[in-house]
Amino acid sequence: MPEWDGGGHACPFTCPSYLRLTTPRSPVSRLHHWHPRPRSGSLTSEMKLAVPWGHIAAKLWGSRQGPPVLCLHGWLDNANSFDRLIPLLPKDFHYVAMDFGGHGLSSHYSPGLPYYQQNFVIEVQRVVAALKWNRFSIMGHSFGGIVGGMYSCTFPEMVDKLILLDALPCALDYKESENLLTYKRRMIEHTLQIEASQKPQRVLSPEEMLQGFLKNNSHVGEECARLLLQRGTTQVATGLVLSRDRRITLPEYSIDFISRDLLVPFIRKLQAHILVIKAMQGFYNVRRENDADKEALNLVKDILKSVLKEWFQYTEVPGNHYVHMNQPQHVAGIIGSFLKSSTPNQL
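Residues numbered from 1 in each chain as written. Predicted model: local features only at pLDDT ≥ 70, side-chain atom pairs only at ≥ 80, totals over all residues. Heavy atoms only, no water.

(A) Molecular detail of the overall build of the chain. Within the chain one finds nine helices and 13 strands. Taking all 347 residues of the chain together, 58% fall into the buried category. Excluding contacts between residues fewer than 6 apart, the proportion of contacts in the chain whose partners are at least 24 apart in sequence is 75%. In the structure as shown, the chain presents an accessible area of about 15100 Å², 52% of it carried by carbon and sulfur atoms. (Helix = DSSP H or I, 4+ residues; strand = E, 2+ residues; numbered from the N terminus. Buried < 20%, exposed > 50% of the residue type's maximum accessible area, 1.4 Å probe, protein only. Contact = heavy atoms within 4.5 Å. Areas by Shrake-Rupley, 256 points an atom, 1.4 Å probe, with all protein chains shown as cover.)

Shown next, in the form of structure tokens:
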């Protein structure tokens, strides 16, 4: 999702009355389920998980008796990122697409707390613990793939399969070493600036919101933009406002870059079979100005292949960074075969 923010502050979480539930104040994780108005596809329910700062929201598909798959969206996106893909995947799995904190229908972090990659990894563990999963698969798009990769290295015994959609399991500090302190500084400055600002929220009409989104998201088609905005905006009296937390800014300010020296030991920790689906017209670098440079991708890919051997599968598909939304049929068959296979080389 974009750097464009529609202007103004992000609002505190609000939702239509038919979705609204009282959020428990206890720090103990608890689940709440509700059944909203019928939607297309095989969506069965939505879920709220109580966390110390509010709640994490998620969408659920399929039988809860099926093998679980946790779906992690990209930067500034939300759980609707998977709406067009999951109905095309095998029906005998249980898919849970969560909204990261500060995104979609999930609560914003408490005042004073920044958004760092490690916080999102912790969110994954909160959801998994609440759902009482012992082992599961992860499907992550873009930043969600990086979070899923770090979780899989940190809790290797938990993850059976890792599916990365135009993503890698980590962000390499390749050609970034001199920028890392700058990113940290800008993150701090941005957070403090947002906290100090009294600028009112900018309210836009639905069409203005859509056109602003499309202008800053060349990889997203109109239908997919509407899906992301459906979960990423809040209705107010005079129009729409973006729901996401304004403290969330450029991804490089929040990502934990790792060195090449750390890459191999991190990869060796993995116990998951890994599928990387690379969009041929997708992104190749966290910073878009370096996007033509494929060296980092090739380096990580070669190390994954060398360390994981037959546990690693790499494939390229036509399409851009949002191919899983724009043309889900390009990836659904590959993902379905991977989920059902006992080893990735059966694809």
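(B) Representation of the packing of helix α6 (residues 260–269) against helix α7 (residues 295–308) within the structure. Direction vectors running N to C along α6 and α7 enclose 40°, while the axes themselves pass 10 Å from each other. Of the two possible hands of crossing, α6 and α7 adopt the one that is right-handed. In this structure, α6 uses Arg 260, Leu 263, Val 264, Ile 267 and Arg 268 to contact α7, whose residues at the interface are Leu 299, Val 300, Ile 303, Leu 304, Val 307 and Leu 308. Residues of the contact of α6 with α7, tallied by class, amount to nine nonpolar, no polar and two charged. (Axes fitted to C-alpha atoms, helices over the stretch in contact; angles between N-to-C directions. Left-handed = near helix turned anticlockwise from the far one by under 90°. Nonpolar A, V, L, I, M, F, W, Y, C, P; charged D, E, K, R; others polar.)

(C) The packing of aromatic side chains, seen in detail. Considering all chains together, one arrives at 15 aromatic pairs under this definition. With 6.2 Å between their ring centres and 25° between their planes, Tyr 115 and Phe 120 make a pair best called stacked. The exposure class of Tyr 115 is buried, given its relative accessible area of 0%. Residue classification places Phe 120 among the buried positions, given a relative accessible area of 0%. Arranged with centres 5.4 Å apart and planes meeting at 85°, the rings of Phe 120 and Phe 143 form a pair that is edge-to-face. With a gap of 23 residues between them, Phe 120 in helix α1 (residues 117–131) and Phe 143 in helix α2 (residues 143–154) connect regions that are remote in the sequence. Across the pair, exposure class does not vary: Phe 120 and Phe 143 are buried alike. Joined through ring pairs, the aromatic side chains of Trp 53, Trp 75, Phe 100, Tyr 109, Tyr 115, Phe 120 and Phe 143 make up one cluster. The ring centre of Phe 338 lies 5.4 Å from the NZ or CZ of Lys 161, which sits over that ring. Its guanidinium or amino end placed over the ring of Tyr 314, Lys 301 lies 4.3 Å from that ring's centre, counting from NZ or CZ. (Phe/Tyr/Trp six-rings, centres within 6.5 Å; stacked < 30°, edge-to-face > 60°. Lys NZ or Arg CZ within 6 Å of the ring centre and 35° of its normal.)

(D) How the structure looks around the pattern of salt bridges. What the rule picks out here adds up to ten salt bridges. Salt-bridge contacts for Lys 59 lead to Asp 83; the nearest nitrogen and oxygen are separated by 2.7 Å. Here the residue Lys 59 occupies a position in strand β3 (residues 54–61), and Asp 83 occupies one in the loop between β4 (68–72) and β5 (94–98), the gap between them amounting to 24 residues. In this pair, the class of Lys 59 matches that of Asp 83, namely buried. (Salt bridge = Lys/Arg side-chain N within 4 Å of Asp/Glu carboxyl O.)

(E) Representation of α7 within the structure. The terminal C-alpha atoms of α7, which comprises 14 residues, lie 20 Å apart, in line with the 20 Å expected from a rise of 1.5 Å per residue. Among the residues of α7, those classed as buried are Ala 296, Leu 297, Val 300, Lys 301, Ile 303, Leu 304 and Leu 308. Angularly, the buried residues of α7 cover 165° about the axis, an arc narrow enough to put them on a single face. For α7, the elements touching its buried residues are β8 (171–172), α6, β12 (273–281) and β13 (312–320). Backbone geometry just downstream of α7 places Lys 309 in the positive-phi region, at approximately 55°. (Expected span 1.5 Å × (residues − 1). Arc of directions from axis to C-beta.)

(F) Representation of the pairing of β4. Burial runs high along β4: five of the five residues are buried. Here β4 shows a buried face lined by Pro 68, Leu 70 and Leu 72 and a second buried face lined by Val 69 and Cys 71. Here five bridges tie β4 to β5, and the two strands are oriented parallel to one another. Note on β5: the bridge partner recorded for Val 69 is Tyr 95. Relative to strand β6 (residues 136–141), β4 runs parallel, the two sharing four bridges. In the sheet register, Leu 70 faces β6, and the bridge partner there is Ile 138. (Pairing = 2+ DSSP bridges.)

(G) View of helix α3 (residues 180–196). Under the 1.5 Å per step criterion, the end-to-end length of α3 is 25 Å for 17 residues, consistent within 8% with the ideal 24 Å. When we look at burial in α3, the residues that qualify are Tyr 183, Met 187, His 190, Thr 191 and Ile 194. For α3, the buried positions fall inside an angular range of 100° around the axis, keeping them on one side. Opposite the buried face of α3, by more than 90 degrees, sit the exposed residues Leu 181, Arg 185, Leu 192, Gln 193 and Ala 196. Contact partners of the buried residues in α3: β11 (257–258).

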